[in-house]
Amino acid sequence: MRGGERCLEVLCELFADAPLFTLLHVPGNVSPVIEQRRIVTSFIQRLPNAAARSWYRYYLPLFPRAVSRFDLGDYDLVVSMSHCAAKAVPVAPGALHLCYCFSPMRYVWDMYDDYFGRGRGLAMRLLADPLAKRLQSWDRRTDGVHDFVAISRYIAERIRRIYDRPAEVIYPPVDVSRFEIVEQAEDYYLIVSALVPYKRIDLAVAAATRLDRQLVVVGTGPEERRLRALAGPTVKFFGWRSDAEVAGLYARCRALVFPAIEDFGIAPLEAAAAGRPTIALRKGGAVETMIGLDDVDRPPTALFFNEQSVDALVDAILRFERAQDRFDPKALRARAEQFDRPIFKQRLHDWIERRWSEHQGKRAC
């Protein structure tokens, strides 16, 4: 249940009887709200090891074909939540297709080097380049989408640049009710993230090791083995943890460390809901949700650093430790409440309702 799944959960609540079409589903991995509906999967589901966390990414070249084979001919409204392929689903003539877009296909655009370049072998790079060009050409085709909404202004600009389409913004939700503020933090920094290349967890591991600071890493992914090899004795890997355990870890940490260029980034808001600040790269979605220590008009929720490097993060941690008394847990939680789940649910409902009414009006003419 990462950020995208939490958005999907709200959509499922808005359309309680609608079926869910997805490339792949691993039963038990998502909330009951999602699990209890009719779930239709693609042929990817039946491929060898597809459900394994470390394997499904290798089927990326097949995703366009898989999504194109869904039969949605009986539906007059389709809402896709897409970071890769879902936006390309075929819909019936006259149907309305609305896309809540997490990002254009990040693997082949801005983050190509993170996935296929840095640290990859020659064979991978030689094979990846022609594949990426084909996927870029495919990803640019957006004629089947009537309207885009982006998860941040950062992604709205990426949609404009890559798809040449406008997109309004509806920020994803943080479920503030999941989190509580505790009186006393403990002496560790926290990462809550999928362990994939573009998250740059290696910077946090290296910085904590250099400074001899306690760092707790929550999450799993293909980078785990490499990160463990980089880590010193002060870095602990907790793997997957339940929502309740993660909420407790947020509440007791000194600060969340957030070194990625994120499309939106739910983790800093989850930390804020627990009254804890974030040490964040000054790029991507975090700039839209977090308030920097240098903001003179509003209570801060984050300390920003400007460069994706170990030196810059080390410096940021030291600056945070000199200024950590300036962060007010109640002000942090108040910031998170501006992105609370009911607000997202209402805005998503209103967008769909408005576009459906406009669509019906055009058909009547």
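Anything mentioned here points back to the structure above.
Description of the structure in this document. (Residues numbered from 1 in each chain as written. Predicted model: local features only at pLDDT ≥ 70, side-chain atom pairs only at ≥ 80, totals over all residues. Heavy atoms only, no water.)

## So, the sheet that holds strand β3 (residues 77-82)
Sheet architecture is open: four strands sit in the order β3-β4-β5-β6, paired in parallel fashion. Both edges of this open sheet fall to β3 and β6 (167-169), since each of them pairs with a single strand only. Each neighbouring strand pair of the sheet contributes to a mean axis angle of 25°, computed without reference to strand direction. In the sheet, strand β4 (residues 96-101) pairs with strand β5 (residues 147-150) via four bridges, with the strands oriented parallel. Bridge assignment links Y100 to a residue of β5, and that residue is V149. Most of the contacts of helix α14 (residues 341-364) go to β4, to which it runs at about 150°, and overall it touches β3, β4, β5 and β6. (Pairing = 2+ DSSP bridges. Helix = DSSP H or I, 4+ residues; strand = E, 2+ residues; numbered from the N terminus. Axes fitted to C-alpha atoms, helices over the stretch in contact; angles between N-to-C directions. Contact = heavy atoms within 4.5 Å.)

## Here's the deal with the sheet that holds strand β12 (residues 302-305)
Strand order across the open sheet formed by six strands is β9-β8-β7-β10-β11-β12, with parallel pairing between neighbours. Every other strand in the sheet has two partners, leaving β9 (235-239) and β12 as the edge strands with one partner each. Pairs of neighbouring strands in the sheet enclose a mean axial angle of 25°, with direction left out of account. Relative to strand β11 (residues 278-281), strand β10 (residues 255-258) runs parallel, the two being bridged by three bridges. When the bridges of β11 are listed, V257 appears paired with I279. Sheet strands touched by helix α9 (residues 243-252): β7 (189-192), β8 (215-218), β9 and β10. Its angle to β7, the strand with the most contacts, is close to 145°.

## A look at helix α1 (residues 3-14)
In this model, α1 (twelve residues) spans 17 Å end to end at C-alpha, consistent with the 16 Å of a helix rising 1.5 Å per residue. Residues of α1 that are buried include every one of R6, C7, L8, E9, V10, L11 and C12, and no others. (Expected span 1.5 Å × (residues − 1). Buried < 20%, exposed > 50% of the residue type's maximum accessible area, 1.4 Å probe, protein only.)

## Quick look at helix α6 (residues 153-163)
Taken residue by residue, α6 has I155, A156, R158, I159, I162 and Y163 as its buried positions. What you see down the axis of α6 is that its buried residues fit within an arc of 160°, all on one side. D164 lies just past α6 and shows a positive phi near 55°. (Arc of directions from axis to C-beta.)

## Details of unusual backbone geometry
With a phi angle near 55°, D164 is a residue other than glycine that sits in the positive phi range. Mapped onto the elements of the fold, D164 is located in the loop between α6 and β6. The exposure class assigned to D164 is exposed, which follows from its relative accessible area of 65%. Phi is positive for R200, close to 55°, though the residue is something other than glycine. Structurally, the position occupied by R200 is in the loop between β7 and α7 (201-211). A relative accessible area of 14% means that R200 is categorised as buried.

## Thoughts on the side chain of T142
For T142, the location among the structural elements is in the loop between α5 (122-139) and β5. Dropping the residues within four chain positions of it, T142 is found in contact with K87, F148, Y163 and R165.

## Digging into the packing of aromatic side chains
Counted according to the given criterion, the structure contains eleven aromatic pairs. Taking 5.7 Å as the distance between ring centres and 75° as the angle between the ring planes, the aromatic pair formed by F179 and Y250 counts as edge-to-face. Of this pair, F179 sits in the loop between β6 and β7 while Y250 sits in helix α9, placing them 71 residues apart in sequence. Neither residue differs from the other here; F179 and Y250 are each classed as buried. (Phe/Tyr/Trp six-rings, centres within 6.5 Å; stacked < 30°, edge-to-face > 60°.)

## Points about the packing of α7 against helix α12 (residues 310-323)
Two elements in contact, α7 and α12, have axes separated by 9 Å at closest approach and are oriented at 60°. By the angle class used here, α7 and α12 are oblique. The element α7 and its partner α12 pack so that their crossing is right-handed. Here L203, A204, A206, A207, R210 and L211 of α7 lie close against α12, whose contacting residues are V310, D311, L313, V314, I317 and L318. Class assignment for the residues of the contact of α7 with α12 results in ten nonpolar, no polar and two charged. (Parallel < 35°, antiparallel > 145°, perpendicular 65-115°, else oblique. Left-handed = near helix turned anticlockwise from the far one by under 90°. Nonpolar A, V, L, I, M, F, W, Y, C, P; charged D, E, K, R; others polar.)

## Topic: the pattern of salt bridges
Tallied over the full model, the rule gives 28 salt bridges. Across the pair R6 and D243 runs a salt bridge whose closest N-O atoms are separated by 2.9 Å. Of the two residues, R6 sits in helix α1 while D243 sits in helix α9, which places them 237 residues apart along the sequence. With a relative accessible area of 12%, R6 lands in the buried category. For the salt bridge of E186 with R252, the shortest nitrogen-to-oxygen distance reads 3.3 Å. Of this pair, E186 sits in the loop between β6 and β7 while R252 sits in helix α9, and the two are 66 residues apart along the sequence. (Salt bridge = Lys/Arg side-chain N within 4 Å of Asp/Glu carboxyl O.)

## A short note on the packing of α1 against α14
For the pair α1 and α14, the least separation of the axes is 10 Å and the interaxial angle reads 60°. In terms of orientation, α1 and α14 fall into the oblique class. Seen along the crossing, α1 lies across α14 with a hand that is right-handed. Two secondary-structure elements touch here, α1 through C7, E9, V10, L11, E13 and L14 and α14 through R341, F344, K345, L348, H349 and I352. Classifying every residue of the contact of α1 with α14 by side-chain character gives seven nonpolar, one polar and four charged.

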